[in-house]
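Reading the structure
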Amino acid sequence: MNPWLIGAPAIASAAAGIVAYGGMHPRAQLFGQTISRTDSPRKLAITFDDGPNPSITPKLLDLLDRYKARATFFLIGRYLRECPELAEEIAARGHIVGNHTESHPNLFWRRPAEIRVELRLTHSAIKNVLGAPPRWFRPPFGLRNPWLAAETRELDMRVVMWTLLPGDWRAPSAEWLIRRMQPIASRAQRALQRRSGTGEILCLHDGGHREQNADRTRTLAALEHWLPRWRDLGLEFVTIEDAVSAPAP
Ligand SMILES: [Zn+2]
C-alpha cells in the first residue's frame, strides 16, 4: 500500500503533510526511532554515504588516519560487490560500515517487499565481506516510510540520520563547501562551553549513487580544512557506535 493513501480521504491532505514530514525531516520520529545526534557536544560523528568509491575512498581513509579520525561509511551494496577490498580496508582502519541499500532507491515510494530486498541484499553482502552484519542503516535521500522501521528492526539495524547535510555532492567549489560546514564549529564552540547536551552528525559523500568514481575532491578538500580546526576546538571524531550510548530500542 502506498503511504500517501493511509487515513480517511477527508484528512488525506493533512495526513499527507504529516507523512511527508515524518518521511523527510532528519529528526522526525514518526516512522520509528532514529539516531540524529551524538550523546556529547564533544563527539562529532562524521558519516559518508554512497561509497565505496575507488577514486576517493582510499584518499579519504588516509586523510582520516592523519587526524586519528574514526568515521562511519554507509555503503551501497552494488558498489560494495564491485570493490569488496575497499570495504575491508574501511573496517580494518577502525571505521564502521553501515547499510545504504543495494541500489539507492527512494524508499518513501517503495512497497515492503522491495524495501526488504534492498536492505537484505546489502545486509548479506556486508556480512559476507566483513564477517559480521551491519548494525546501522541510512536511508537513501534520508527518506523513510512506515515499513522501513519494521524491516530495520528485524535486521537489528538502527537508522542513522544527521544534524548537518552540507550538500557536498553539488559543491561548486571547496570554498563553498567549507562555508557550508561552518555550523559544526560555530555550534561546537557554544555547546562545549555548556559542557552538556548533544553533538553533531555530519553527512558527507565519498561516492555518488548515480555512477561509480564520482568526483568528491571538494569533500576531501573541505575536510582537510576543517579536521585540524575541529580537533583544535576539542572535538573528537567518533564512529556512530561510539556516538551513542543508549541501548537499541
Ligand atoms: Zn546516498
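Now for a quick tour of the structure. (Residues numbered from 1 in each chain as written. Predicted model: local features only at pLDDT ≥ 70, side-chain atom pairs only at ≥ 80, totals over all residues. Heavy atoms only, no water.)

1. Observations regarding helix 5 (residues 112-130)
With 19 residues, helix 5 should reach 27 Å at 1.5 Å per residue; the first-to-last C-alpha distance of 27 Å fits that figure. Along helix 5, the positions that sit buried rather than exposed are Ile115, Glu118, Leu119, Thr122, His123, Ala125 and Ile126. Buried residues along helix 5 cover an arc of 165° about the axis, so they all sit on one side. With respect to the buried face of helix 5, the exposed residues turned more than 90 degrees away are Ala113 and Asn128. On the buried face of helix 5, the contacting elements are strand 3 (72-75), helix 3 (77-82), strand 4 (96-99), strand 5 (136-137) and helix 6 (146-154). Within two residues after helix 5, Gly131 carries a phi angle of roughly 85°, on the positive side. (Helix = DSSP H or I, 4+ residues; strand = E, 2+ residues; numbered from the N terminus. Expected span 1.5 Å × (residues − 1). Buried < 20%, exposed > 50% of the residue type's maximum accessible area, 1.4 Å probe, protein only. Arc of directions from axis to C-beta. Contact = heavy atoms within 4.5 Å.)

2. Examining the pattern of salt bridges
Under the defined criterion, the tally for this structure stands at 16 salt bridges. One salt bridge in this structure joins Arg93 and Glu89, with 2.7 Å as the shortest N-O distance. Notably, a salt bridge pairs Arg116 with Glu154, separated by 3.3 Å at the nearest N-O pair. Residue Arg116 is located in helix 5, and its partner Glu154 is located in helix 6; the two are separated by 38 residues in the primary sequence. We classify Arg116 as partly exposed; its relative accessible area is 35%. The class for Glu154 is exposed, based on a relative accessible area of 51%. When salt bridges with common partners are traced through the structure, they connect Asp62, Asp65, Glu89 and Arg93 into a single cluster. (Salt bridge = Lys/Arg side-chain N within 4 Å of Asp/Glu carboxyl O.)

3. A few points about the pairing of strand 4
Each regular strand shows side chains that alternate between the opposite faces of the sheet. The two faces of strand 4 match: Ile96 and Gly98 on one face and Val97 and Asn99 on the other face are all buried. Inspection of the sheet shows strand 3 paired to strand 4 by 4 bridges, in the parallel sense. Bridging across to strand 4, Thr72 finds its partner in Ile96. (Pairing = 2+ DSSP bridges.)

4. Details of helix 2 (residues 57-66)
Among all positions of helix 2, only Thr57, Leu60, Leu61, Leu63 and Leu64 are buried. Take helix 2 and look down its axis: the buried residues cluster within an arc of 165°, on one side only. Its buried side turned inward, helix 2 meets strand 2 (43-51), strand 3, helix 4 (84-92) and helix 9 (217-233). Lys68 occupies a position one or two residues after helix 2 and carries a positive phi of about 50°.

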